[in-house]
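Analysis of the macromolecular model
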Amino acid sequence: MSVKASHILVDTEVEAKTILEQANETNFGQLAQTHSKCPSKARGGDLGDFGPGQMVKPFEDATVATPVGKISP
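An account of the accompanying structure is given in this report. Residue positions are given per chain, counting from 1 as you read along its sequence in written order. Only residues with pLDDT of at least 70 get local features here, since the model is predicted, and only at 80 or more are side-chain atom pairs given and counted; chain-wide, interface and lining totals rely on the full set of residues. By convention in this description, side-chain values take in all heavy atoms of the structure and omit both hydrogens and water.

Quick look at the environment of V68 now. Working definition: helices are DSSP H or I runs of at least four residues, strands are E runs of at least two. Numbering for both runs from the N terminus. Looking at where V68 falls in the secondary structure, it is placed in the segment after α3 (57–65). Throughout, exposure labels follow a simple rule: accessible area from a 1.4 Å probe, protein chains only, divided by the maximum for the residue type, with under 20% read as buried, over 50% as exposed, and the rest as partly exposed. Take V68: its relative accessible area is 85%, and that puts it in the exposed class. In sequence terms V68 and A5 are 63 residues apart; their C-alpha atoms lie 9.3 Å from each other.

Once that is clear, we can look at the nonpolar core. Here, the term nonpolar core denotes a set of buried Ala, Val, Leu, Ile, Met, Phe, Trp, Tyr and Cys residues that are joined through side-chain atoms within 4.5 Å. By size, the foremost hydrophobic cluster in this structure holds 6 residues: I8, V10, I19, A23, L31 and A32. Among the elements of the structure, α1 (13–23) and α2 (28–35) are those that each provide at least two residues to this core. Note on contacts: a residue pair qualifies if any of its non-hydrogen atoms lie within 4.5 Å across the two residues. Setting aside its immediate chain neighbours within four residues, V10 contacts E15, A16, I19, H35 and K37.

Volume-wise, the largest pocket comes out at about 950 Å³. Around the largest pocket, the lining comprises 32 residues; the ones closest to its centre are S6, H7, F28, F59 and S72. Mapped by element, the contributors of at least two residues to the lining of the largest pocket are β1 (3–6), α1, β2 (46–50) and α3. In terms of residue count, the dominant contributor to the lining of the largest pocket is α1 (6 residues). Each residue is assigned to one of three groups, with Ala, Val, Leu, Ile, Met, Phe, Trp, Tyr, Cys and Pro labelled nonpolar, Asp, Glu, Lys and Arg labelled charged, and all others, Gly among them, labelled polar. By residue class, the composition of the lining of the largest pocket is 19 nonpolar, 7 polar and 6 charged. The distinction between a cavity and a pocket rests on a 1 Å grid over the protein atoms alone: a 1.4 Å probe fits inside a cavity but cannot get out, while a pocket stays open yet meets protein on both sides within 12 Å along at least five of seven lines, and a residue with an atom within 4 Å of a point counts as lining. Grid points are joined across faces, edges and corners, and a volume is the space filled by probe spheres set on the points.

When the charged atoms of two side chains lie near each other, side chains of opposite charge can form a pair. By definition here, a salt bridge exists when the distance from a side-chain nitrogen of Lys or Arg to a carboxyl oxygen of Asp or Glu is within 4 Å. Taken as a whole and judged by the stated rule, the model has 3 salt bridges. Salt-bridge contacts for K17 lead to E13; the nearest nitrogen and oxygen are separated by 3.3 Å. Residue K17 and its partner E13 are located together in helix α1, separated by 4 residues, close to a single helical turn. With relative accessibility at 47%, the residue K17 sits in the partly exposed group. Using a relative accessible area of 58% as the deciding quantity, one classes E13 as exposed. Notably, a salt bridge pairs K57 with D61, separated by 3.0 Å at the nearest N-O pair.

Have a look at this one:
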């Protein structure tokens, strides 16, 4: 099984919560390009397809638990 996800990597939980509030009103890719610390920001946060064991466990678990098209903190 593989999944596809995008993310915005930030330094603090406060920063994450602020961006999450904006994510419902703003294009996710634009937010990633502006705020993310990850090189994936150049692709709007797109991490592409990945399978089990390729990401850190908490992130992998969140990608499996989050419905398609929804945003998870």
